[in-house]
Amino acid sequence: RRSGTSTLKAEVALVLGTYLVAMVVPNVSLMISLAGSLAGTMSAIILPALMDLRGGDGNRVLNVFIIGVGVILMGLGAGSSIVSIYDELV
């Protein structure tokens, strides 16, 4: 069980981190794009193949291939979003 002090520290760190991101990034749609590229690819491509791989009933080679393609696509989407955020800041 966590103590009250460590929970408070975690909450303060989360709020301050969110505040700093909100101050640095002028356009929230760019952050939504970054979050979407990471979470969307993970939930739509990588996790289903990973669950099938862990279940043991699927085609192992196909699942590993899908996970690899998902990681590449996630990297490309996140990279594009990061470049857009950088261009907006500079």
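See the structure printed just above.
Small disclaimer: the values here were computed from a predicted structure and weren't measured.

Draft legend 1. Inspection of the overall build of the protein at higher detail. Scanning the protein for helices and strands turns up 3 helices and 0 strands. Listing each helix as α and each strand as β along the protein from the N terminus yields α-α-α. On C-alpha atoms alone, the protein measures out to a radius of gyration of 18 Å, which is more than a quarter above the 12 Å that the 2.2 N^0.38 rule sets for 90 residues. Counting only C-alpha atoms, the protein reaches 45 × 45 × 15 Å along its principal axes. Going through the 90 residues of the protein one by one, you find that 16% of them count as buried. A sequence separation of at least 24 residues applies to 64% of the contacts in the protein between residues at least 6 apart. Carbon and sulfur atoms make up 70% of the accessible area of the protein, which totals about 6,600 Å². The average position of the 5 basic charges and that of the 5 acidic charges among the side chains of the protein differ by 18 Å.

Draft legend 2. Seen up close, a nonpolar patch on the surface. Among the surface-exposed residues, Y19, L20, M23, V24, Y86, L89 and V90 lie close enough to one another that they form a single nonpolar patch of about 790 Å² accessible area. Of all elements in the fold, only α1 (4–24) and α3 (60–89) reach the threshold of two or more residues within the nonpolar patch. The greatest single-element share of the nonpolar patch, amounting to 4 residues, is contributed by α1. Its place among the elements puts L89 in helix α3.

Draft legend 3. Looking closely at α1. The end-to-end C-alpha distance of α1, which contains 21 residues, comes to 30 Å, matching closely the 30 Å that a straight helix rising 1.5 Å per residue would cover. Here α1 lies mainly on the outside; 0 of its 21 residues are buried.

Draft legend 4. Examining α3 more closely. Taking 1.5 Å as the rise per residue, α3 with 30 residues should run 44 Å; its terminal C-alpha atoms sit 43 Å apart, in good agreement. Listed as buried for α3 are N63, I67, G70, M74, A78, S81 and I85. Capping the start of α3 is the job of one residue whose side-chain oxygen sits 3.3 Å from the backbone nitrogen of V61: N59.

Parameters and conventions
- Residues numbered from 1 in each chain as written.
- Predicted model: local features only at pLDDT ≥ 70, side-chain atom pairs only at ≥ 80, totals over all residues.
- Heavy atoms only, no water.
- Helix = DSSP H or I, 4+ residues; strand = E, 2+ residues; numbered from the N terminus.
- Rg over C-alpha atoms; globule rule 2.2 N^0.38 Å.
- Buried < 20%, exposed > 50% of the residue type's maximum accessible area, 1.4 Å probe, protein only.
- Contact = heavy atoms within 4.5 Å.
- Areas by Shrake-Rupley, 256 points an atom, 1.4 Å probe, with all protein chains shown as cover.
- Lys, Arg positive; Asp, Glu negative; His and termini not counted.
- Charge placed at Lys NZ, Arg CZ, Asp CG, Glu CD.
- Patch = residues over 30% accessible without salt bridge, like charges linked within 9 Å, V, L, I, M, F, W, Y side chains within 5 Å.
- Salt bridge = Lys/Arg side-chain N within 4 Å of Asp/Glu carboxyl O.
- Expected span 1.5 Å × (residues − 1).
- Polar contact = N/O pair within 3.5 Å; in protein donor to acceptor, adjacent residues only side chain to side chain.

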